[in-house]
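# Report on the structure
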Amino acid sequence: QVQLVESGGGLVQAGGSLRLSCAASGRTFSGYAMGWFRQAPGKERVFVAAISWNGGSTYYADSVKGRFTISRDNAKNTVYLQMNSLKPEDTAVYYCNAPYRDGSSWYPVPDFGSWGQGTQVTVSS
């Protein structure tokens with residue numbers, strides 16, 4: 001399995017920006033779509049964004065569309081999430097994984113990699 005390590009979270013005021021990174025090791029991820037999920041306190045983990053294996057296509061949850069941008073660097077086995085115009089409701093632990101789409105929903109690919117420790121994003125009002 002791939003090991004996934006997220007970083008870049010922090011405390012930011014509403015309207016601010018953060019850039020998250022996810023480094024993968026143990027196996028190249030260049031053949032996989034990659035994505036970000038988040039889990040707010042007391043809620044289920046939900047899909048945030050995804051990017052195709054070559055970066056040619058991107059997908060976003062409606063709640064972040066126009067504010068977040070996902071990108072990847074296959075040479076570095078790293079995927080990024082640029083988050084702008086942050087809102088208090090963006091507060092969550094953010095995780096990366098390889099996603100797949102089933103209808104209108106996104107799920108992590110089974111056995112691609114265990115969830116990392118995530119990175120905490122806290123947006124104050």
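Residues numbered from 1 in each chain as written. Predicted model: local features only at pLDDT ≥ 70, side-chain atom pairs only at ≥ 80, totals over all residues. Heavy atoms only, no water.

## Structural notes on the pattern of salt bridges
A side chain of one charge can pair with a side chain of the opposite charge when the charged atoms of the two come close. Applicable threshold: When a carboxyl oxygen of Asp or Glu is within 4 Å of a side-chain nitrogen of Lys or Arg, the pair counts as a salt bridge. Helix and strand labels come from DSSP, where a helix needs a run of H or I of at least four residues and a strand needs a run of E of at least two; each type is numbered from the N terminus. Classification of residues uses two cut-offs on accessible area relative to the type maximum, computed with a 1.4 Å probe and protein chains only: under 20% is buried, over 50% is exposed, and between them is partly exposed.
Enumeration over the complete set of coordinates arrives at 3 salt bridges. Between Arg38 and Asp90 there is a salt bridge, with its nearest N and O atoms 2.9 Å apart. Of this pair, Arg38 sits in strand β4 (residues 34-39) while Asp90 sits in the loop between β8 (78-83) and β9 (92-97), placing them 52 residues apart in sequence. Note on Asp90: relative accessible area 0%, which makes it buried. Within this structure, Arg38, Arg67 and Asp90 form a network of salt bridges that share partners.

## Describing the packing of aromatic side chains
Applicable threshold: The rule is short: rings of Phe, Tyr and Trp, with Trp giving its six-membered ring, pair when the centres are within 6.5 Å, and they are stacked under 30 degrees, edge-to-face over 60, tilted in between. In this scheme, the term charge over a ring applies when either NZ of a lysine or CZ of an arginine sits within 6 Å of the ring centre and within 35 degrees of the ring normal.
Tallying each qualifying case throughout the model produces 7 aromatic pairs. Taken together, a centroid distance of 6.0 Å and an interplanar angle of 75° make the contact between Phe37 and Phe47 edge-to-face. In this pair, Phe37 is assigned in strand β4 and Phe47 in strand β5 (residues 45-51), connecting sequence segments 10 residues apart. The same class applies to Phe37 and to Phe47, which are both buried. On the basis of an interplanar angle of 35° and a centroid distance of 5.8 Å, the ring pair of Tyr100 and Tyr107 is categorised as tilted. Overall, the relative accessible area of 35% leaves Tyr100 in the partly exposed class. Its end group placed over the ring of Tyr80, Arg19 keeps NZ or CZ at 4.0 Å from the ring centre. In this structure, Arg45 is placed above the aromatic ring of Tyr95, and the distance from its NZ or CZ to the ring centre is 4.4 Å.

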